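# Chains, contacts and geometry: an overview
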Amino acid sequence: MSEPRLKDAFAAPDTKRRYVRRLFATIADRYDLITRLLSWGGDQRWKRRLTELVPFRAGDRVLDLACGTGDLAFAAAARGARVIGLDITPRMLVLARAKTAGAQVTWIVGDMGALPIASASCQAITTGYGLRNVPDLTAAIDEIVRVLAPGGVVGSLDFDRPESPIVRAIYLRYLTIVGGVLGWVLHRDPDTYRYIPASIRRYPGAPGVAEMMRRAGLVDVRHVPLLAGFMALHVGRKPTPLRTD
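A short tour of the structure in this document, coming up. Fair warning: this is a prediction, and the values are worked out from it, not measured in the lab.

Our focus in this paragraph is the overall build of the protein. Looking only at helices and strands, one finds nine helices and seven strands in the protein. Viewed in the frame of its principal axes, the protein has a C-alpha envelope of about 60 × 40 × 40 Å. With 245 residues in all, the protein has 51% of them scored as buried. Across the protein, contacts joining residues at least 24 apart in sequence account for 66% of those joining residues at least 6 apart.

So, in structure tokens, the structure goes:
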């Protein structure tokens with residue numbers, strides 16, 4: 001079976017899954033560089049903000065989804081958490097392990113739509129640039145809710161889709177041009193980073209994601225705009241069942 005091209009990547013969930021798996025295997029060794037460039041240097045600052053919004057105690061179990069090379073996983077481990085870093089791309093985990101430097105993190109290959117994690121077993125879940133890339137966003141959020149322990153908190157960082165059609169068009173055009181140049185220079189394939197604006201076009205945006213989190217059962221859901229609304233943080237909590245005794 002031939003690998004899908006960008007123009008076909010969003011035709012069906014399985015097609016997107018195959019495309020994303022191949023894409024991130026291709027860019028893994030450039031991932032940190034590209035993340036810094038396309039975030040205008042704000043990536044590390046935003047990730048610190050995310051970890052500040054996701055409360056947990058030392059010893060809590062924290063799951064970092066689409067962990068990439070491990071930035072959020074390492075931040076949680078530095079605060080005393082027992083951390084699992086999960087990514088669909090084995091090469092990302094190879095690079096993350098190389099950066100471990102004594103941090104207590106367990107790395108596993110897995111799909112956000114079918115987490116190999118026990119229900120109600122994690123006090124916190126983080127993800128950086130994860131939700132936008134899943135083949136089925138509803139299924140991924142449902143899995144997050146399943147795995148969270150009652151009272152647990154999930155936090156997500158991702159690109160946002162500006163509400164204004166004019167601003168959105170300019171933003172996506174910019175990302176398409178810059179992504180095409182970077183893709184050609186680094187991989188001789190301009191479509192490599194054009195995937196980002198293509199995925200944003202099909203993303204429900206911050207208000208839409210927040211509503212999906214509420215429908216899945218999370219409470220205290222909020223989104224925090226970053227970079228004038230071009231990026232966003234989402235935070236939500238799994239409710240604690242009321243005692244009946």
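This part covers the packing of helix H6 (residues 137-147) against helix H9 (residues 205-215). In contact at an axis separation of 10 Å, H6 and H9 are set at 50° when each is read in the N-to-C sense. Classified by the angle their axes make, H6 and H9 are oblique. With respect to the hand of their crossing, H6 and H9 are arranged in right-handed fashion. Two secondary-structure elements touch here, H6 through Leu137, Thr138 and Ile141 and H9 through Val209, Met212 and Met213.

Once that is clear, we can look at unusual backbone geometry. Positive phi values are uncommon outside glycine, yet Tyr129 reaches one of about 60°. With respect to the element layout, Tyr129 can be found in the loop between strand E4 (122-128) and H6. Since its relative accessible area comes to 8%, Tyr129 is described here as buried. Here the phi dihedral of Leu227 falls at roughly 50°; this positive angle occurs in a residue that is not glycine. Structurally, the position occupied by Leu227 is in the loop between strand E6 (219-226) and strand E7 (231-237). Classification of Leu227 by relative accessible area gives partly exposed; the value is 32%.

Among the residues of helix H2 (residues 31-38), Tyr31, Ile34, Thr35 and Leu38 are the ones counted as buried. Projected down its long axis, H2 carries its buried residues within an arc of 100°, all on one side. Trp40, located one to two residues past H2, shows a positive phi value of around 55°.

The rules behind each value
- Residues numbered from 1 in each chain as written.
- Predicted model: local features only at pLDDT ≥ 70, side-chain atom pairs only at ≥ 80, totals over all residues.
- Heavy atoms only, no water.
- Helix = DSSP H or I, 4+ residues; strand = E, 2+ residues; numbered from the N terminus.
- Buried < 20%, exposed > 50% of the residue type's maximum accessible area, 1.4 Å probe, protein only.
- Contact = heavy atoms within 4.5 Å.
- Axes fitted to C-alpha atoms, helices over the stretch in contact; angles between N-to-C directions.
- Parallel < 35°, antiparallel > 145°, perpendicular 65-115°, else oblique.
- Left-handed = near helix turned anticlockwise from the far one by under 90°.
- Arc of directions from axis to C-beta.

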